[in-house]
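# Notes for the structure review
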Amino acid sequence: MTDIVLVASGDLRESANLQCWPAQAAMEAKLTEVIEGLGHSLKRAHPVKPQGHGFIASQREGMDVFASIDPDAPLIVAEAVWQYSHHVLPGLTTHKGPILTVANWSGQWPGLVGLLNLNGSLTKAGVPYASLWSVDFGDAFFLDGLREWLETGTITHDASHVRPFAGTDLAAEDRAIAAEIAADLRRNKTILGVFDEGCMGMFNAIIPDALLMPLGVFKERLSQSALYHAAKEVPEAEARAVYDWLLARGITFHLGDDPETDLTEAQVLDQCRMYIAAVRMADAFGCEAIGIQYQQGLKDLLPASDLVEGMLNNDDRPDVARADGTVIRQGRAIVHFNEVDECAGLDGVLINRVHRALGQPVETTLHDLRWGEAYGSGVEEEFVWVFEISGAVPPAHNAGGWAGSESFRQPAMYFPAGGGSLMGIAKPGEIVWSRIFVEGGQLHMDIGRGQAVELPEAETLRRSESTTPEWPIMHGVLTGVSRDQMMARHKANHIQVVYATSAEEADKAMYVRAALAQDLGITVSLCGV
Ligand SMILES: C[C@H](O)[C@@H](O)[C@@H](O)C(=O)CO
């Protein structure tokens, strides 16, 4: 019999920890039952607190919990919710026993997203770990993996879908496009504007400056306080002009009267102010892309920045003028990397430049790998992911564009000051997906192909309601990558997606970006293609 220690990392927001605790408790009960059924024991290293949840809710608390854990014990980090990796990362960096990260395969809360963030953070930190996920912890995949972990301290997952990018799949003219962009970046250099580095404990999302410098990419460290001040300075008339533009494009705002629970016009106007301020700051500091941290710091001062982020990433967006009346980057998206995920920011810049050069749509976004299920039957069955970021996508991704987009109040447990999302159902089409990540002190890129598919309305609704209905959804099918291959390989909670106008154009855009990344010194892997 093996005595296994369990820890559970949670949100920093008490409201989320309280609301999500029942799902975590149910998962832990099931996991304990299964492990005991195999003749082992699973014991929590920290108690359920009197206020009604059993999550580690800060970095300091996590350090104290780990100080009391036998460093050689086998340890499971169990996650049914969105969690802040830095709560447990310090303890895990010095833990000597085998580490297993586990999540329940459920869309209810972003537990799978939390697991993937922790895995990406452990990978960047160079901490060995194994990982598993399961609907009910009784399936062969989970049990076989668990037995392997108990016997060897590791789990070998199938990575046969991954191959190094050899750089030979490109026509000379496409290689030249990549080379030209790489040379321009190195010569002229570019800036990622980072509004408060480090969002929600996402250690994996921070790229050390020294890794960016050889690419010609530098960070401008900006403050959300400055953004708050600049937003508050924007006169109501300017905010209203943006709001009117949005209404004229046909987006539906689901407004109500109670700011505690409803989206109000005042919240939307503040978001319009923030949009204007963000564009002006990007311009003033010469940032090619910006990322707003937003979940902590800003959430208590202003409505969520989601609507702003979706607008920024769209070529068709409201004009913003400088003091001299000239319009800033008119009709061109300003790449925004949600949650200041710098890996997504770097990728967003590469996407924007490659797709602009190829005459392909530039609108790009990250999504959470939130959940997914097989859809269809017999030979028609395929695994369809729920890609769902926590608030906004560029409206060009939504079926119906601006007119097919809706804005709902962000859930109160995460966003006390409200703010509208930029929600929609992703239009069907060919996509390139990718992820830049840090491993072994180096930059890596995984890149592959897929489709955003259309599902019947009832199935879309079921998926939306099984997750967070206020947030935008893409029904994602990944070419040549199974669910478990993706989960085992992916080193982040986020996946970057961009459309192309045909399968051929998407293939070409994928290869040009792979070549660009390789030219810049990033190790590129083709996944499933
Ligand atoms: C609102 C939540 O904290 C979400 O932001 C979270 O689940 C994520 O999106 C993580 O990428």
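As the structure is a computational prediction, the values presented were derived from the model and not from experiment. (Residues numbered from 1 in each chain as written. Predicted model: local features only at pLDDT ≥ 70, side-chain atom pairs only at ≥ 80, totals over all residues. Heavy atoms only, no water.)

### What about the overall build of the protein chain?
Rules: Helix and strand assignments follow DSSP, with helices taken as H or I runs no shorter than four residues and strands as E runs no shorter than two, numbered in order from the N terminus. C-alpha atoms define the radius of gyration, and 2.2 Å times the number of residues to the power 0.38 defines the globule rule. Partly exposed describes any residue whose relative accessible area lies between the buried limit of under 20% and the exposed limit of over 50%, with all areas from a 1.4 Å probe on protein chains only and scaled to the type maximum. Contacts are residue-level and defined by heavy atoms, with any inter-residue pair within 4.5 Å sufficient.
Helix and strand counts for the protein chain stand at 15 helices and 19 strands. The C-alpha atoms of the protein chain give 22 Å as radius of gyration, which agrees with the globular expectation for 529 residues (24 Å, within 12%). With respect to the three principal axes, the spread of C-alpha positions in the protein chain is 75 × 60 × 50 Å. Classification of the 529 residues of the protein chain by burial places 59% in the buried group. Sequence separation of at least 24 residues holds for 79% of the intrachain contacts in the protein chain that already meet a minimum separation of 6.

### Describing the nonpolar core
What counts here: Side-chain atoms within 4.5 Å are what join buried Ala, Val, Leu, Ile, Met, Phe, Trp, Tyr and Cys residues into a set we call a nonpolar core. Residue ranges labeled as domains rest on an automatic or database domain assignment.
Leu31, Ile76, Leu100, Phe142, Leu227, Leu246 and Tyr275 are the most contacted members of the largest nonpolar core, which totals 73 residues. If you tally residues by element for this core, the top one is helix H10 (residues 265–284), at 11 residues. There are two domains that each give this core at least three residues, and those are domain 1 (3–152) and domain 2 (172–527). Setting aside residues up to four positions removed in sequence, Tyr275 forms contacts with Val242, Val308, Met311, Leu312, Arg317, Pro318 and Val320. Of all hydrophobic cores here, the second largest spans 56 residues; its members include Tyr84, Val217, Phe337 and Tyr511.

### Some points on the UniProt feature "domain: L-fucose isomerase C-terminal" (unreviewed entry) in the protein chain
To be explicit about the condition: UniProt positions are given in the numbering used here, feature names are shortened, and annotations may be inferred rather than shown by experiment.
Under the local residue numbering, the UniProt record ascribes the feature "domain: L-fucose isomerase C-terminal" (unreviewed entry) to residues 412–505. Secondary structure content for residues 412–505 is 20% helix and 36% strand, while the C-alpha to C-alpha distance between its ends is 41 Å.

### Quick look at unusual backbone geometry
Most peptide bonds adopt trans geometry, and most residues besides glycine take a negative phi value. For Phe137, which is not glycine, the phi torsion reads 65 degrees and is therefore positive. Following the sequence through the fold, Phe137 ends up in the loop between strand S5 (130–134) and helix H5 (140–152). When its relative accessible area of 2% is taken as the criterion, Phe137 is described as buried. In this structure, Tyr294 is a non-glycine residue whose phi angle is positive, near 65 degrees. As for its placement among the helices and strands, Tyr294 is situated in the loop between strand S10 (289–292) and helix H11 (306–312).

### So, the domain arrangement of the protein chain
For the record, the criterion: Accessible area that two parts lose when put together, evaluated with a 1.4 Å probe and summed over both, is termed the buried area. The definition of a polar contact used here is a pair of N or O atoms within 3.5 Å, where within protein one atom must be able to donate a hydrogen and the other to accept one, and adjacent residues in sequence count solely through side-chain atom pairs.
The domain boundaries assigned to the protein chain delineate domain 1 (3–152) and domain 2 (172–527). Taking only C-alpha atoms into account, the centre of domain 1 sits 29 Å from that of domain 2. The partner domain 2 presents 31 residues to the 32 residues of domain 1 that form the contact. Here domain 1 and domain 2 share an interface that buries about 2,900 Å² over both sides, 62% of which is from carbon and sulfur atoms. The largest per-residue losses of area from domain 1 upon contact with domain 2 belong to Trp105, Leu116 and Lys124, which jointly make up 27% of the total buried on that side. Our count for the contact surface shared by domain 1 and domain 2 stands at 14 residue pairs in polar contact (both at pLDDT 80 or more). Looking at the side of domain 1 that touches domain 2, the elements that each hand over two or more residues are helix H1 (14–37) and helix H4 (111–125).

### Describing helix H13 (residues 457–465)
Just so we agree on the cut-off: The arc refers to the directions leading from the helix axis to the C-beta atoms.
Here H13 has its buried residues at Glu459, Thr460, Arg463 and Ser464. Relative to the axis of H13, the buried residues are bounded by an arc of 135 degrees and lie together on one face. Exposed side chains of H13 directed beyond 90 degrees from the buried face belong to Glu457, Ala458 and Glu465. The inward-facing, buried residues of H13 contact strand S12 (364–375), strand S13 (382–387) and strand S17 (474–478).

### With respect to the site of the ligand
The test is simple: What makes a residue near a molecule or strand is one non-hydrogen atom of that residue sitting within 4 Å of it. Residues are grouped as follows: nonpolar covers Ala, Val, Leu, Ile, Met, Phe, Trp, Tyr, Cys and Pro; charged covers Asp, Glu, Lys and Arg; every other residue, Gly included, is treated as polar.
Looking at the ligand, there are 14 residues lining it, with Arg13, Gln295, Asp368, Asn493 and His494 nearest. Taking Arg13, its side chain carries an N or O atom lying 2.6 Å from an oxygen atom of the ligand. One nitrogen or oxygen atom from the side chain of Ser390 is found 3.0 Å from an oxygen atom belonging to the ligand. A class-by-class count of the residues in the shell around the ligand yields seven nonpolar, four polar and three charged. Of the domains in this structure, domain 1 (3–152) and domain 2 (172–527) are the two that each give at least three residues to the shell around the ligand.

### Some thoughts on the pattern of salt bridges
We apply this condition: Put simply, a salt bridge is a Lys or Arg side-chain nitrogen that is within 4 Å of an Asp or Glu carboxyl oxygen.
Across all of its chains, the model carries 35 salt bridges by this definition. Among the ionic pairs, Arg221 bridges to Glu197, the shortest N-O distance being 3.3 Å. With Arg221 in strand S8 (residues 217–222) and Glu197 in the loop between strand S7 (190–195) and helix H7 (209–212), this pair connects stretches of sequence that are 24 residues apart. Here Glu238 and Arg280 are joined by a salt bridge, their closest N and O atoms 2.6 Å apart.

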